[in-house]
Amino acid sequence: LLSPSPEPEKPPAVPNGELRLGGKAKKLRKPRTIYSSVQLQALNQRFQQTQYLALPERAELAAQLGLTQTQVKIWFQNKRSKYKKILKQG
């Protein structure tokens, strides 16, 4: 009788998208988004018009630029933060 072949070992499944190595939990992050010059130009242009996007505006802009709504939201958050920091410095 032949026993079924053993399955290849998988890393242990850990909730919250964490990977445990040596007992330490480390969050697995998505790689940093690299925006194209066309995307940055459109995002900066829109930011000059308004610093806050409503949900439908965000969805439309994301679709136009081939980005996710989350990427657009985070870009605007970061841009507002950077803008306020620059204003604070003078």
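Per an unreviewed UniProt entry, the chain carries the name DLX4B protein and comes from Copsychus sechellarum. Entered under Sequence similarities (unreviewed entry) in the UniProt record, the comment concerning the chain runs "Belongs to the distal-less homeobox family." Under the heading Subcellular location (unreviewed entry), UniProt records this for the chain: "Nucleus".

Visitor: Any chance you could explain the packing of helix α2 (residues 55-65) against helix α3 (residues 69-89) here in plain terms?
Guide: A pair of packed helices is captured by two measures, namely the crossing angle of their axes and the spacing between those axes. With their axes 8 Å apart at the nearest point, α2 and α3 run at an angle of 110° to one another. Compared by their axis directions, α2 and α3 come out roughly perpendicular. For the pair α2 and α3, the crossing hand works out as right-handed. Counted together, Leu55, Arg58, Ala59, Leu61 and Ala62 of α2 and Gln69, Val72, Lys73 and Phe76 of α3 form the full contact between these two elements. When grouped by side-chain class, the residues that make up the contact of α2 with α3 number six nonpolar, one polar and two charged.

Visitor: Please clarify how the packing of helix α1 (residues 37-49) against α3 should be interpreted in this entry.
Guide: With their axes 11 Å apart at the nearest point, α1 and α3 run at an angle of 60° to one another. Relative to α3, α1 is oriented oblique. For the pair α1 and α3, the crossing hand works out as right-handed. On α3, the residues that touch Leu40, Leu43, Asn44, Arg46 and Phe47 of α1 are Val72, Trp75, Phe76, Lys79, Arg80 and Tyr83.

Visitor: Honestly, the packing of aromatic side chains in this entry has me stumped. Any pointers?
Guide: Geometry of an aromatic ring pair is reported as the spacing of the ring centres plus the angle between the planes. Following the criterion strictly, the structure yields four aromatic pairs and no others. Their ring planes at 55° and their centres at 5.9 Å tell us that Phe47 and Phe76 sit as a pair that is tilted. Of the two residues, Phe47 is situated in helix α1 and Phe76 in helix α3; the sequence distance between them amounts to 29 residues. A residue is classified by how much of its surface remains accessible, and Phe76, at 2% relative accessible area, is buried. Summarising the aromatic geometry, the rings of Phe47 and Tyr83 are spaced 5.9 Å apart at their centres and angled 75° between planes, so their arrangement reads as edge-to-face. Here Phe47 is found in helix α1, whereas its partner Tyr83 is found in helix α3, with 36 residues between them in sequence. With a relative accessible area of 6%, Phe47 lands in the buried category. Here the aromatic cluster, defined as three or more aromatic residues joined through ring pairs, consists of Phe47, Trp75, Phe76 and Tyr83. Directly above the ring of Phe47 sits Lys79, whose terminal nitrogen or CZ lies 5.9 Å from the centroid.

What counts as what
- Residues numbered from 1 in each chain as written.
- Predicted model: local features only at pLDDT ≥ 70, side-chain atom pairs only at ≥ 80, totals over all residues.
- Heavy atoms only, no water.
- UniProt positions renumbered as here; feature names shortened; annotations may be inferred.
- Axes fitted to C-alpha atoms, helices over the stretch in contact; angles between N-to-C directions.
- Helix = DSSP H or I, 4+ residues; strand = E, 2+ residues; numbered from the N terminus.
- Parallel < 35°, antiparallel > 145°, perpendicular 65-115°, else oblique.
- Left-handed = near helix turned anticlockwise from the far one by under 90°.
- Contact = heavy atoms within 4.5 Å.
- Nonpolar A, V, L, I, M, F, W, Y, C, P; charged D, E, K, R; others polar.
- Phe/Tyr/Trp six-rings, centres within 6.5 Å; stacked < 30°, edge-to-face > 60°.
- Buried < 20%, exposed > 50% of the residue type's maximum accessible area, 1.4 Å probe, protein only.
- Lys NZ or Arg CZ within 6 Å of the ring centre and 35° of its normal.

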